[in-house]
Amino acid sequence: MKSAVVVFPGLNRERDMIAALTKIGGTPPALVWHKDAELPEVDLIVIPGGFSYGDYLRCGAIAARSPMMDVIRERAEKGVRVLGVCNGFQILTEAGLLPGALMRNASLKFVCREVKLEVANANTPFSHRYAQGQVIRCPVAHHDGNYFADAETLAEIEGNGQVVFRYTPETNPNGSLNHIAGITNRQGNVLGLMPHPENLIEPAHGGEDGKGIFAGLLN
Amino acid sequence: MTYDNHIDITPDLVAGHGLKPDEYQKILDLIGRVPTYTELGIFSAMWNEHCSYKSSKKWLRTLPTKGKRVIQGPGENAGVVDIGDGQAVIFKMESHNHPSFIEPYQGAATGVGGILRDVFTMGARPIAAMNALRFGEPGHEKTRHLVSGVVAGVGGYGNSFGVPTVGGEVQFDARYNGNILVNAFAAGLADTDKIFYSKAEGVGLPVVYLGAKTGRDGVGGATMASAEFGDDIEEKRPTVQVGDPFTEKRLLEACLELMGTGAVIAIQDMGAAGLTCSAVEMGAKGDLGIELDLDAVPVREERMTPYEMMLSESQERMLMVLHPEKEAEARKIFEKWELDFATVGKTTDDLRFRVFWQGEEVANLPIKELGDEAPEYDRPWIAPTPPAPLDPASVPETDIAEALLKLLGSANHSSRRWVYEQYDTLIQGNSLQTPGGDGGVVRVEGHPTKALSFSSDVNPRYCEADPYEGGKQAVAECWRNLIATGAEPLAATDNLNFGNPERPEIMGQIVHAIKGIGEACSALDFPIVSGNVSLYNETNGRGILPTPTIAGVGLIEDHARMARSRFTRAGDVILLIGAPEELGTHLGQSAYLRDVLGRREGTAPHVDLEHEKKTGLYVLSLIREGRVGAVHDLSDGGLALSLAETAIVSAQGAHIHAISTQNARAWFGEDQGRYIVTATPEEAERIVATAPVPAVAIGTTGGDTLTLGSAKPISIKDLRDAYEGWFPAFMGDTLN
């Protein structure tokens, strides 16, 4: 299983992501700079968290329009798995690979804390290591994680089982509709996730609840 | 455009630059002529308090700055301390008080940016940040606005840059109504053989400008920061810089990449007084002259004058001296990161600082005198008079449970969750302890067992009552907090915040506080390796509480043996280590007195440094031998508050039987050098029997209430509600 981490300027959780992929998958991912001539042939493409282009204009908006995203879009259409975490999720929605949008948190403040996630669909490549309905711990750290989609889109993604992770209602940190924390595209090979499973993968982190996502993808 | 570099230098203009008549006379004597306008600006930038430490230098020299692990003490961008295995921790704390009061978001954000730059300028990747924040009384009309802006600014910059904020302080006192304090700390890791300094070497080498473009923001900032506030502070907003963490993040990556190529001879970030200060420091330290060509400086605004370019405090800029043969390689790295790269001058052998603009020499000054040989004062001072001791009879017996709930729900002792949840505490994936405990702990990436512990402390109430004991206490408490995580305290950085040093009573506070800090640092083998002084924290003649913030770093050899302030099991014995026979006695200047009784009286608690050290090292040995569960230091609010904090964090109660009275002295006394630890009953017996310092079993863990002697039991839920409730209610939050 080969993976690549794509870095845009201003992303800052790429080191956390590389550490998680390396520790869990056994081999380090390829590190791809957004201007690199090509993206190596891999089975998993990860866009990590951070503040691409400073989150200026709108979170993820500038990175979403880079040539590298066209390459990622093509690979996704061919079925390659794509994981976008936090800013990565925002970039994927801005690029149209995932439906909906991530608005400013309802509190209007950045929030970094641990939340609980319910596995809403355990039948995806990203979540099959968990049981349907299982509740896991996971940290969040974002300013704009308030998931929104119009009623029609929302009904569609709910109907298709595209909602993979939900915050438990009492730990929803940002006001997301239907407590949505992570969704896939229609085909189920692209996941956007607001929380940071890569920061809860070993005992030193205080738990390993986030490990299943990577273990399910890499092993 | 026209620019008159030779305008009349009137006394008003001199005063407007923060220079005193005798300082101006010194300039005239030094250069033998009237300075040009640009030169006057340069002098004001270099000789203000913020850059020159002219009032404090004499006393700062007395601080212990050496130790077996110290690689670099004060005088560089940050201090460097050896942590073994060829690695070093590089750290410093710096204030951004004046700008944060004028424009809280940008002031705080650029404070964080500045300190991060100090650390990565030396070749270190930042791994941890802290912030010590002090605001006016909660009811003051500006306080909420300032809290909200400063916290958002700290988070906005640090989160985007990508450094975990692992600790800090937030306090309120009316004495900060007109001058808040924003003290930002950062630490980074580097290999000991890859540390970069600001001393230039070699004649005729290119001086290169890197990073963001120069604008008009912050012109005169350092001079502003060296003056008192009056009623005209709104007019000072343009002197506050604007931060761009996106550029800073790219600058970090570009600098570290460039340093890896071996191209860098010397590097200095452009902080206070921007281009002026960085160029002069690089030259003066290397006994070289510097020649700058301002036409080559990347600017983002049109028609900037040389005066503005030399004094701009635009952020995210660096100056370097590079090996000429590597210039092309260096340029390529900066182009990759889409940052400016411009050769703006060269080193010379004439010890002059010469600045050219549109073919004209706008400044030509002796570089050593500008830098190392700035004025220095031995300002008159008077020894502070300690207040009368508190009359114990004047403190009535009280309902201990009620008093504890009141303290927990007060502005200064309630949970800071509202603040630290706006900071990314987890990024980089190495945070082992995040805010809410004794110290923040971050593991050393790539090492199987090592971790670093961080804490920032000072008790301004003590410092006001007795700057000497207060200075000692700030060091001791920081040292104690590091011990409580299981770390060997390595070294510290100081951020000395005081009022106007031209007033002898303020100067007396500075002198005594530094004396106390120095003694404590010597006694505890805890040298000061970097620091910053912020004076003139006054508004309309009223100064802040003397606030010498101490931020320390400790080393945990094996983080599997790290300690936390959390009960690990029910049925453990709670031991009080290092306490006097009555367990607690000192209520003077205590949290209980101020925040429960509304009184500010008495002396500061005495810090017996020998006792502090003996107790601390004993507690550290217990942690390292794995003999104790929870460990928490005792400070503000004494035993009762320490127990309550531990119970809340652990969601587990405790019953304390050793004190039966309702006497506040025992429960809320702030005697120094004390810890609570928990151990199994058998281990507790051994500790009590063999401890070289006082060790008393005071109770047991378990249950869902905290019972303090004969006081009514308080449920964990009530404790938590009181503790967590104050801040969100104060800030008017309705959403979580």
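Residues numbered from 1 in each chain as written. Chains lettered and ligands numbered in written order. Predicted model: local features only at pLDDT ≥ 70, side-chain atom pairs only at ≥ 80, totals over all residues.

1. Overview of the overall build of chain B
Reasoning step 1: Looking only at helices and strands, one finds 25 helices and 28 strands in chain B.
Reasoning step 2: Its C-alpha atoms give chain B principal-axis dimensions of roughly 85 × 50 × 50 Å.
Reasoning step 3: Split into buried and exposed, the 736 residues of chain B put 64% on the buried side.
Reasoning step 4: Contacts in chain B between residues far apart in sequence, at least 24 positions, make up 85% of those at least 6 positions apart. (Helix = DSSP H or I, 4+ residues; strand = E, 2+ residues; numbered from the N terminus. Buried ≥ 20, exposed ≤ 12 C-beta atoms within 10 Å, placed from the backbone. Contact = placed C-beta atoms within 7 Å.)

2. Overview of helix H15 (residues 400-408) of chain B
Given 3.6 residues per helical turn, the α-helix brings residues three or four places apart onto the same face.
Residues and elements named next belong to chain B.
Reasoning step 1: Among the residues making up H15, those that are buried are Ile400, Ala401, Ala403, Leu404, Leu407 and Leu408. One side of H15 carries all its buried residues, which in axial view fall inside an arc of 160°.
Reasoning step 2: Looking at the buried side of H15, the elements it contacts are helix H20 (591-596), helix H22 (638-650), helix H23 (664-668), strand S27 (705-708), strand S28 (714-715) and helix H25 (716-731). (Arc of directions from axis to C-beta.)

3. A look at the interface of chain B and chain A
Reasoning step 1: With 24 residues of chain B at the contact, the number on the chain A side is 24 residues.
Reasoning step 2: Contributions of two or more residues to the side of chain B that touches chain A are made by helix H8 (143-161) and helix H10 (245-259) of chain B.

4. Section: the sheet that holds strand S12 (residues 352-357) of chain B
Residue and element names in this part refer to chain B.
Reasoning step 1: Taken in spatial order, the seven strands line up as S8-S10-S7-S11-S9-S12-S13 in an open sheet, and their pairing is mixed. The open sheet has two edge strands with one neighbour each: strand S8 (264-269) and strand S13 (360-366). Between one strand axis and the next, the sheet turns through 25° on average, direction left out of account.
Reasoning step 2: Where S8 meets strand S10 (residues 317-322), five bridges bridge the pair, whose relative direction is antiparallel. What sits directly across from Ala266, in S10, is Val321.
Reasoning step 3: Relative to strand S11 (residues 340-348), helix H13 (residues 327-336) is tilted by about 145°, and along the sheet it contacts strand S7 (206-211), S10 and S11. (Pairing = 2+ DSSP bridges. Axes fitted to C-alpha atoms, helices over the stretch in contact; angles between N-to-C directions.)

5. Let's talk about the packing of H8(B) against H10(B)
All names here are of chain B.
Reasoning step 1: At their nearest, the axes of H8 and H10 sit 8 Å apart, and the two run at 35° to each other. Remark: the crossing between H8 and H10 carries right-handed chirality. Contact residues: H8 offers Tyr157, Ser160 and Phe161, while H10 offers Pro245, Phe246, Glu248 and Lys249.
Reasoning step 2: Residues belonging to the contact of H8 with H10 are distributed by class as follows: four nonpolar, one polar and two charged. (Left-handed = near helix turned anticlockwise from the far one by under 90°. Nonpolar A, V, L, I, M, F, W, Y, C, P; charged D, E, K, R; others polar.)

6. Digging into the environment of Ile574(B)
All names here are of chain B.
Reasoning step 1: Tracing the sequence through the fold places Ile574 in strand S22 (residues 573-577).
Reasoning step 2: Through-space distance from the C-alpha of Ile574 to that of Thr680 is 8.9 Å; in sequence the pair is 106 residues apart.
Reasoning step 3: Not counting chain neighbours up to four residues away, the residues in contact with Ile574 comprise Ala654, Ile656, Ile676, Thr678, Ile698, Gly699, Thr700 and Thr701.

7. Focus: the sheet that holds strand S17 (residues 488-497) of chain B
Residue and element names in this part refer to chain B.
Reasoning step 1: If you walk across this open sheet you meet the six strands as S14-S15-S16-S21-S17-S18, and the pairing is mixed. Edge positions in the sheet fall to strand S14 (431-433) and strand S18 (528-534), since each has one partner strand and no second. Put simply, the sheet's adjacent strands are angled 20° from each other on average, direction ignored.
Reasoning step 2: With six bridges joining them, S17 and S18 adopt parallel strand pairing. Within S18, the residue paired with Thr493 across the bridge is Ser530.
Reasoning step 3: On top of the sheet, helix H18 (residues 467-484) reaches strand S16 (451-457), S17 and strand S21 (547-556); it is set at about 25° to S21, its chief contact.
Reasoning step 4: On the sheet, helix H19 (residues 504-523) packs against S17, S18 and S21 and is oriented at approximately 175° with respect to S17.

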